Amino acid sequence: MVRKKQESMSTAREQILNAVRANQPDLKALPEVIIPADNIELQDKFTETLTTIGGKVIKANGYDDVIAYIKSITNTGHRIISSITELSEVISASEASPLPHSLQDTELAIIKAHFGVAENGAVWITENLLSQRVLPFICQHLIVILNADDLVANMHQAYEKIGDEHYGYGTFIAGPSKTADIEQSLVLGAHGSRSMTIFLISLPLD
Amino acid sequence: MHTETKDHAELATVFNKDEARVDWHDETLWWIRQKRDKAVNHLPEWELLRETASQIKDNVLSNLAGYLVQFEENAQRNGIVVHWAADAAEHNNIVLGLLHSKGITKMVKSKSMLTEECHLNESLENNGIEVIDSDLGERIVQLAKEPPSHIVLPCIHKKKEEIGDLFHLHLGTPAGNADPQFLTETARQHLRETFLTRRAALTGVNFAVAETGEFVVCTNEGNADMGAHLADIHIASMGIEKIIPKRKNLGVFLRLLTRSATGQPITTYSSHFSKPREGTEIHIIIVDNGRSKQLGREDFRNSLKCIRCGACMNTCPVYRRSGGHSYHNAISGPIGAILAPNLDMEKYADLPFASTLCGSCSNVCPVKIDIHQQLYKWRQVIVQNGYAPAGKKAAMKLMSLTLSSPAAYHMGGKAGRFVMKYAPFAVNNKLNPWYKQRDMPEPPKESFGEWYAKNRKA
Ligand code: SF4
């Protein structure tokens, strides 16, 4: 039974590949992508773009500013999740659970990002910056810490920076989750976080 | 839902009964088209990007078998299980087999036009599996027991009051509440419960990278990620044409996709799946379902470059005023009208005729598919194969006579202008399916031929 299934699967594979080989046209070269990056003021552009798509940017000098902000927007009952040790003062104590579902009552998550992209307000995050892949999605609100120097102009530069790095999971996040499926009325907070605030920190983070 | 032979013009008649709704539909889509224009005009390199994307896709199509094998190898090395499905039935069986092997009877799904094409939901439901669509627009049409009417905006044909009624019926919201904010919040709560309790999640694939074996899924809502990161098994369905050669090519396509679709600079989430998270599985199903055949049709192979942005629909004067359901195919609009006849020329013979050939679709397409030219070519293939839709046969005989004789062309134009000026009802009659529910535009005072004759000497 299992054998038969495997056979029919490999048949489908051969069938598809043979049909594709028979029908694909003569080889055409892969073009080199040479698209110049605008010479723009990256912080301003990033801030402007992210604000337009519903995010918020705060310029700060260090983690003290972040801690003060977190205190100002949360209550004692709120569950705050982060693996950034400098924020331990405001992080909720929680027993480590291997189940991502255990994060479902997270009010606020604070994560770091590798870099941001000025043209679209996105930040690049890989799973080594996350305790769980689901964290930036399942939290009600999201704060991202970004070194103000870690900005690129556009997506070509972004992928140049990523290079051939290995990651199990990586994502660009640009603003809060949103939908306009009901008569094109924009609503923030579809299934992911309801808000996204980025701290652009000018002092080097380690 | 998918029954006997249907006809675009007839189905458009149904949609056109409510003129106010048609106007609203038309204006909403045009507004999205304008948002696209605004976003595009910000980028001086837009045309270069389109050209580059088109050439990357040319390369993909010319080496597709090689890239598919490379992708498979790399994905397997990353710990992803790869399946191949020659057609829709095989795809649906693989999904069913995976769910059975895990004893799973409930699955959450994010947007995947391929699964619409395969009628996966129906097939699974017939086998006792419950599927919940998690994209808000898709959830809405699922509750309404309708197919999506647009590939990016599944319920663009629905008024908020209708959605309020559906939510009242199925999710217990107060009767008469049609506030988008409130309804979205209700769906958020309802679907959060679903995400937390489903062990299987199915997503589509926007791009699959041959060089790395990773695949990218783009959403604004975050539903694909919520499903995939909470499930034990993540199934990703992709057509063979979703392959791109290198990771850095994503830079080109991600810049084009959402600007073309909605005018946003990028989707909120562009997630790159490379390895399953610990203790879980990722399965990719690579589906042909007619694509390799289309690859062999020289005139139509470019349709496989499509990245499903929906821009050709938003700009199409016929789509905007006839609605997605009139195309009676999972993918509607101009691109659907090129893809469908490849699958069944007889059933979809009417679709390439549902166009004015104005070329607006080709102008906005981010991968430069010659959409309107392909529509025109399909008409000829369909007629040659004897599948012309009945209503169009007589009119087309006349047209081919007119177009093949310059004298008749000029006469036809003059006579046409005469008729439209003095007897527009004769054009706007039942024999002419095109002009149902349409008032003819005012005819120009002189034709191009007359104008040219008068002016070329000057
Ligand atoms: S054919 Fe072009 S414009 Fe239409 S959906 Fe595909 S990529 Fe977009």
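S.K.: Let's hear about the overall build of chain A: which residues, and what values?
M.R.: In terms of regular secondary structure, chain A is built from five helices and 11 strands. With the C-alpha coordinates aligned to their principal axes, the bounding extent of chain A is approximately 65 × 50 × 45 Å. Burial status across chain A gives 52% buried among its 206 residues. Sequence separation of at least 24 residues holds for 72% of the intrachain contacts in chain A that already meet a minimum separation of 6.

S.K.: With reference to specific residues and values, describe the site of the ligand.
M.R.: Taken together, the neighbourhood of the ligand is formed by Cys306, Ile307, Arg308, Cys309, Gly310, Cys312, Ile335, Cys365, Pro366, Val367, Ile369 and Ile371 of chain B. Within the shell around the ligand, the residues separate by chemical class into 10 nonpolar, one polar and one charged.

S.K.: Can you tell me about the packing of aromatic side chains, naming the residues and giving the values?
M.R.: In this structure the tally under the stated criterion is 11 aromatic pairs over all chains. Ring geometry for phenylalanine 137 of chain A and tyrosine 269 of chain B: centres 4.8 Å apart, planes at 50°, overall tilted. Remark: tyrosine 269 of chain B occurs in strand 9 (residues 269-273) and phenylalanine 137 of chain A occurs in helix 4 (residues 135-138); the pair is interchain, linking two chains. Like tyrosine 269 of chain B, phenylalanine 137 of chain A is buried. With a centroid separation of 5.3 Å and 15° between ring planes, the pair formed by phenylalanine 215 of chain B and phenylalanine 273 of chain B is classed as stacked. In this pair, phenylalanine 215 of chain B is assigned in strand 6 (residues 215-219) and phenylalanine 273 of chain B in strand 9, connecting sequence segments 58 residues apart. Exposure class is identical for phenylalanine 215 of chain B and phenylalanine 273 of chain B. Each is buried. Aromatic ring contacts, followed pair by pair, group Phe115, Trp124, Tyr159, Tyr167 and Phe172 of chain A into a single cluster. Between lysine 57 of chain B and the ring centre of phenylalanine 253 of chain B, over which it is positioned, the NZ or CZ distance is 5.4 Å. For the cation-ring pair, lysine 159 of chain B lies above tryptophan 24 of chain B, with the distance from its terminal atom to the ring centre recorded as 4.2 Å.

S.K.: Give me the confidence of the model for chain B: which residues, what numbers.
M.R.: Averaged over all residues, the pLDDT of chain B is 89; the fraction at 70 or higher stands at 84%. Both scores are available for the predicted complex, with the pTM at 0.89 and the ipTM at 0.94.

S.K.: So what about the interface of chain B and chain A? Which residues, and what values?
M.R.: Listed per partner, the contact involves 96 residues of chain B and 72 residues of chain A. In this assembly, chain B packs against chain A so that about 6,900 Å² is buried in total across both faces, 60% of it on carbon and sulfur atoms. There are five salt bridges connecting chain B and chain A. Between arginine 259 of chain B and glutamate 119 of chain A there is a salt bridge, and its shortest N-O distance comes to 2.7 Å. Examining the composition of the side of chain B that touches chain A, we find that 12 residues originate from one element, helix 10 (residues 180-197) of chain B, more than from any other. The residue inventory of the side of chain B that touches chain A, partitioned by class, reads 42 nonpolar, 28 polar and 26 charged. Two strands pair when backbone bridges link them, and strand 8 (residues 169-173) of chain A and strand 9 of chain B are joined in this way by five bridges, in the antiparallel orientation. Its bridge partner lying in strand 9 of chain B, phenylalanine 172 of chain A is registered against serine 270 of chain B.

S.K.: Quick rundown of the packing of helix 10 of chain B against helix 11 (residues 223-230) of chain B? Include the residues and the values.
M.R.: All names here are of chain B. Where helix 10 contacts helix 11, the axes come no closer than 8 Å and their chain directions differ by 30°. Between helix 10 and helix 11, the crossing angle belongs to the class labelled roughly parallel. Touching Arg192, Phe195 and Leu196 of helix 10 are Asn223, Met226, Gly227 and Leu230, all from helix 11.

S.K.: Explain the confidence of the model for chain A residue by residue, including any values.
M.R.: Across chain A, the average pLDDT comes to 92, with 93% of residues at or above 70. Counted against residues more than four places away or in other chains, residues 1-5 of chain A, with its pLDDT under 50, gives one contact.

S.K.: Just give me the short version of unusual backbone geometry, but keep the residues and values in it.
M.R.: Despite not being glycine, asparagine 289 of chain B has its phi angle at roughly 45°, a positive value. Residue position: asparagine 289 of chain B is located in the loop between strand 10 (281-287) and helix 13 (291-296).

S.K.: Could you give an account of the pairing of strand 7 (residues 233-239) of chain B, naming the residues involved and the relevant values?
M.R.: All names here are of chain B. The buried fraction of strand 7 is high, at seven of seven residues. Judged by which residues are buried, strand 7 turns out to be covered on both faces: Ile233, Ile235, Ser237 and Gly239 on one side and His234, Ala236 and Met238 on the other are all buried. Of the pairings in the sheet, the one linking strand 4 (residues 200-203) to strand 7 comprises four bridges and is parallel in character. By the bridge assignment, threonine 203 is partnered in strand 7 with alanine 236. Both strand 7 and strand 10 contribute to a ladder of seven bridges, which runs parallel. Bridging across to strand 10, histidine 234 finds its partner in isoleucine 282.

Procedures and definitions
- Residues numbered from 1 in each chain as written.
- Chains lettered and ligands numbered in written order.
- Predicted model: local features only at pLDDT ≥ 70, side-chain atom pairs only at ≥ 80, totals over all residues.
- Heavy atoms only, no water.
- Helix = DSSP H or I, 4+ residues; strand = E, 2+ residues; numbered from the N terminus.
- Buried < 20%, exposed > 50% of the residue type's maximum accessible area, 1.4 Å probe, protein only.
- Contact = heavy atoms within 4.5 Å.
- Near = heavy atom within 4 Å.
- Nonpolar A, V, L, I, M, F, W, Y, C, P; charged D, E, K, R; others polar.
- Phe/Tyr/Trp six-rings, centres within 6.5 Å; stacked < 30°, edge-to-face > 60°.
- Lys NZ or Arg CZ within 6 Å of the ring centre and 35° of its normal.
- pLDDT = per-residue confidence, 0-100.
- Buried area = accessible area lost by both parts, 1.4 Å probe.
- Salt bridge = Lys/Arg side-chain N within 4 Å of Asp/Glu carboxyl O.
- Pairing = 2+ DSSP bridges.
- Axes fitted to C-alpha atoms, helices over the stretch in contact; angles between N-to-C directions.
- Parallel < 35°, antiparallel > 145°, perpendicular 65-115°, else oblique.

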